[in-house]
Amino acid sequence: MQQSWRWFGPQDTVSIADMRQAGVEGVVSALHHIPNGTVWSQAEIQQRQQQIAQTPDGAPTGLVWNVVESLPVSEEIKQQRGDWRAHIENYKQSIRNLAQAGVSVICYNFMPVLDWTRTELGHELPNGARCMRFDVIDFAIFDLFVLARDGARDDFPADVVQQAQARRDAMTDADLDRLMQNVICGLPGAEEGYSLADLRAHLRAYDGIDADRLRQHQIDFLTEVVPVAEEVGARLCCHPDDPPFALLGLPRIMSTEEDYARLMAAVDSPANGITLCSGSLGVRADNDLPGMMRRLGSRVHFVHLRNVRRETETIPNSFHEAAHLEGVTDMVDLIAAILDEEQRRKAEGRSDCDIPFRPDHGQDILSDLGQNSQPGYPAVGRLKGLAELRGIIAALSHPGSAA
C-alpha cells in the first residue's frame, strides 16, 4: 500500500516539509485554482509537480504527485446543459496532460452541487479533540428554516421536523449563521464566496433530474472519457457521496455497493474504477467495507481510510468522524482485504499492485487546535492516523515477526 497525504497546494497550512517528516511516499493534490470545466495545462501540472518534488531552494524532496484528487466534473456535465460537451472535451485533454506528466490515478465525484456536507467543523469530543460532525437535526434546521427549501418538510421524518423546530426556537441568529457557514463550506467555490441565493439557483438547475437520469449522465460522461484514459494508461476512480444519502432534494447515486457494481458493469473497463472511502461509505450500516473490497477490489484504484461513529442508525443519520481505529469500520479487516487484493494483482502481473491510500481526515489534537487548517486536514491528527494504519499494515504484512 502506497502511503500518501493530501496537499491543497502552497497555501496549505501543512507543508511539504511536514509531509516529508511524516514519512509519506506520495502526495495527493489537485489544481483547485483552475475553474471547473477548464483544461489543466501541461504547464500548470508541471508547476504542481515541481512544488511537490523540490523545496523552495531546489533540493529534492523525494515525493511525487501520485494521485489527482479531484479532477472536477462540472455541473454542466452532470446536468448535460450549457457547454457540457466542450467541458467533456476539456476533461479528456486534462487526462492526456496528466498522463503525459506521469500522473495516472484520477479521483473524481459525481455529487450534484455538494462536494461534502457537515453541520459542525470543530465538534469537541470528551477528550478535548475536535472533529467534523453531521447532525441530522441541525441539517434539517438549515434546510427547513435557513434555506427554506420548498418540499423540505416532506424529506424528513415527522420526529426530525419536530426536534428541528424545537431546537431552532432556542437558537440565536449567530447560531443560525454559523450553521449556514458550516454547510456552505462543502460547496465548490465556497472559499470565494457562496450565498443562499447561489445555492437555491443550483438546486433549481436540478429540477427534472432524478437519480436514474443522473446515473445515465454519469454513464454518458464515462463512455466519453474512459476510452481516453485507456489510451493513455490512466485510471479514473469515483469517490462516494459524502454523506451517502439524499440531501436538499438532490439525487445521490454513489452511496452503496450496489451503486458501484452497477456503474462498473455499465462501463466495464479497468480504467473505470473506485475510490473506496471507508469514512463516507461507513456512514451507512448496510455497507460492508471489507466485503466490498473483496468483491470489487479489482477496480479499486485509490483508498481513503477514515472512520466514523454513527450516532443514529436511520437514513439519514447523525455521525461524527472518529479516530481511525475507533469507529464502526473494522480497519484491520479492511486493510487485510486491501493487502489480499494487492497480492492477487501481483500474481496476475498487474503493474498497479501497490494501491495508493491516504489517512483521510483526522481529528484536531495537540498543536492542531491552534492552527486554522483545512477542515479535516490537520497535521498531527492525520499523522496519528497514518501511524496507526502503518502499524496495521506492517503487522499484517509480516504476521510472523511478532513471534
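Residues numbered from 1 in each chain as written. Predicted model: local features only at pLDDT ≥ 70, side-chain atom pairs only at ≥ 80, totals over all residues. Heavy atoms only, no water.

Strand order in the open sheet made by the four strands is S5-S6-S11-S10, with antiparallel pairing throughout. Of all the strands in the sheet, the pair left with one neighbour each is strand S5 (120-124) and strand S10 (307-310). For this sheet, the mean inter-axis angle between neighbouring strands, taken without regard to orientation, is 40°. As paired elements, S5 and strand S6 (residues 130-134) share three bridges and run antiparallel to each other. Within S6, the position partnered with His123 by the bridge is Cys131. (Pairing = 2+ DSSP bridges. Helix = DSSP H or I, 4+ residues; strand = E, 2+ residues; numbered from the N terminus. Axes fitted to C-alpha atoms, helices over the stretch in contact; angles between N-to-C directions.)

Time to look at the packing of aromatic side chains. With the rule as written, the count across this model stands at eight aromatic pairs. Measuring from centroid to centroid gives 5.0 Å for Tyr91 and Phe221, while their planes differ by 85°, and the two rings are edge-to-face. Remark: Phe221 occurs in helix H9 (residues 211-232) and Tyr91 occurs in helix H4 (residues 84-100); sequence separation between them is 130 residues. One exposure class covers both Tyr91 and Phe221, and it is buried. Taken together, the ring pairs connect Phe134, Phe139, Phe142, Phe245 and Phe319 into an aromatic cluster. (Phe/Tyr/Trp six-rings, centres within 6.5 Å; stacked < 30°, edge-to-face > 60°. Buried < 20%, exposed > 50% of the residue type's maximum accessible area, 1.4 Å probe, protein only.)

With that settled, the discussion passes to the sheet that holds strand S7 (residues 235-239). Pairing is parallel in the closed barrel, where eight strands are placed in the order S1-S2-S3-S4-S7-S8-S9-S12. Sheet twist, expressed as the mean angle between neighbouring strand axes with direction ignored, is 30°. Inspection of the sheet shows S7 paired to strand S8 (residues 272-277) by three bridges, in the parallel sense. Across the sheet, residue Cys237 finds its bridge partner in S8, namely Gly273. Contacting strand S2 (26-29) and strand S3 (64-69), helix H2 (residues 42-53) runs over the sheet at an angle of about 125° to S3. Most of the contacts of helix H12 (residues 289-296) go to S8, to which it runs at about 160°, and overall it touches S8 and strand S9 (300-305). (Contact = heavy atoms within 4.5 Å.)

Right, let's talk about the environment of Val73 for a bit. Within the secondary structure, Val73 sits in the loop between S3 and helix H3 (75-79). Taking C-alpha positions, Val73 is 34 Å from Ile365, a pair spaced 292 residues apart along the chain. With residues near it in sequence (within four places) discarded, Val73 still touches Lys78, Tyr91, Tyr108, Asn109, Phe110 and Phe221.

Glycine aside, negative phi is the norm for most residues, and most peptide bonds take the trans geometry. Following Glu69, the chain continues to Ser70 via a peptide bond in cis, the omega torsion being 0°. Relative to the helices and strands, Ser70 is located in the loop between S3 and H3. The omega torsion across Ile315 and Pro316 is 5°, close enough to zero to call that bond cis. Mapped onto the fold, Pro316 is located in the loop between S10 and strand S11 (319-322). Phi angles above zero are rare outside glycine, and Gln80 is one such case at about 55°. Relative to the assigned elements, Gln80 resides in the loop between H3 and H4. One non-glycine residue, Leu366, lies in the positive phi region at around 50°.

This brings us to the layout of surface pockets. Approximately 280 Å³ is the volume attributed to the second largest pocket. Arg149, Leu203, Arg204, Asp207 and Leu248 are the residues nearest the centre of the second largest pocket, which is lined by 17 residues in total. Per-element accounting of the lining of the second largest pocket gives the leading share, three residues, to helix H8 (residues 196-204). By residue class, the composition of the lining of the second largest pocket is nine nonpolar, two polar and six charged. (1 Å grid on protein atoms, 1.4 Å probe; cavity = no way out; pocket = protein on both sides within 12 Å on 5 of 7 lines; lining within 4 Å. Points joined across faces, edges and corners; volume = space filled by probe spheres on them. Nonpolar A, V, L, I, M, F, W, Y, C, P; charged D, E, K, R; others polar.)

Our next topic: the pairing of S6. For S6, a buried count of four out of five residues is recorded, marking the element as mostly surrounded by other parts of the structure. Hairpin geometry of S5 and S6 is characterised by an intervening segment of five residues between the two adjacent antiparallel strands and by a positive phi of about 95° at Gly128. Pairing between S6 and S11: two bridges, direction antiparallel. Along S11, the bridge assignment pairs Phe134 with Phe319.

Between its first and last C-alpha atoms helix H13 (residues 331-348) spans 26 Å; for 18 residues at 1.5 Å apiece the expected length is 26 Å, and the two agree. Its side-chain oxygen at 3.2 Å from the backbone nitrogen of Val332, Asp330 defines the N-terminal cap of H13. After H13 finishes, the residue Gly349 shows a positive phi value of roughly 80°. (Expected span 1.5 Å × (residues − 1). Polar contact = N/O pair within 3.5 Å; in protein donor to acceptor, adjacent residues only side chain to side chain.)

This part takes up the nonpolar core. Judged by nonpolar contacts, the single largest core of 106 residues is most densely connected at Trp40, Ile95, Tyr108, Phe142, Phe221, Leu248 and Leu305. No other element matches the eight residues that helix H5 (residues 136-146) contributes to this core. Not counting chain neighbours up to four residues away, the residues in contact with Phe142 comprise Leu147, Ala148, Leu179, Met180, Val183, Leu196, Leu199 and Leu248. Grouped together as the second largest cluster of nonpolar side chains are six residues, Val28, Val67, Val105 and Cys107 included. (Core = buried A, V, L, I, M, F, W, Y, C linked by side-chain atoms within 4.5 Å.)

Along any regular strand the residues' side chains alternate between the sheet's two faces. Across the six residues of S9, six count as buried, placing the element largely inside the fold. Relative to S9, S8 runs parallel, the two being bridged by four bridges. Residue pairing in the sheet places Ile274 in a bridge with Val300 of S9. Here S9 runs beside strand S12 (residues 356-359); their pairing, made up of three bridges, is parallel. Paired with His304 across the bridge in S12 is Arg358.

Our next topic: the packing of H13 against helix H14 (residues 379-397). Here H13 crosses H14 at 55°, and the two axes come no closer than 10 Å. For the element pair H13 / H14, the angle class is oblique. Of the two elements, H13 crosses H14, and the hand of that crossing is right-handed. Along the contact surface, H13 presents Met331, Val332, Ile335, Ala336 and Leu339, while H14 presents Leu389, Ile392, Ile393, Leu396 and Ser397. Looking at the contact of H13 with H14 residue by residue, the classes come out as nine nonpolar, one polar and no charged. (Parallel < 35°, antiparallel > 145°, perpendicular 65-115°, else oblique. Left-handed = near helix turned anticlockwise from the far one by under 90°.)

Note that every value here comes from positions in space, so none of it alone points to a role or purpose.
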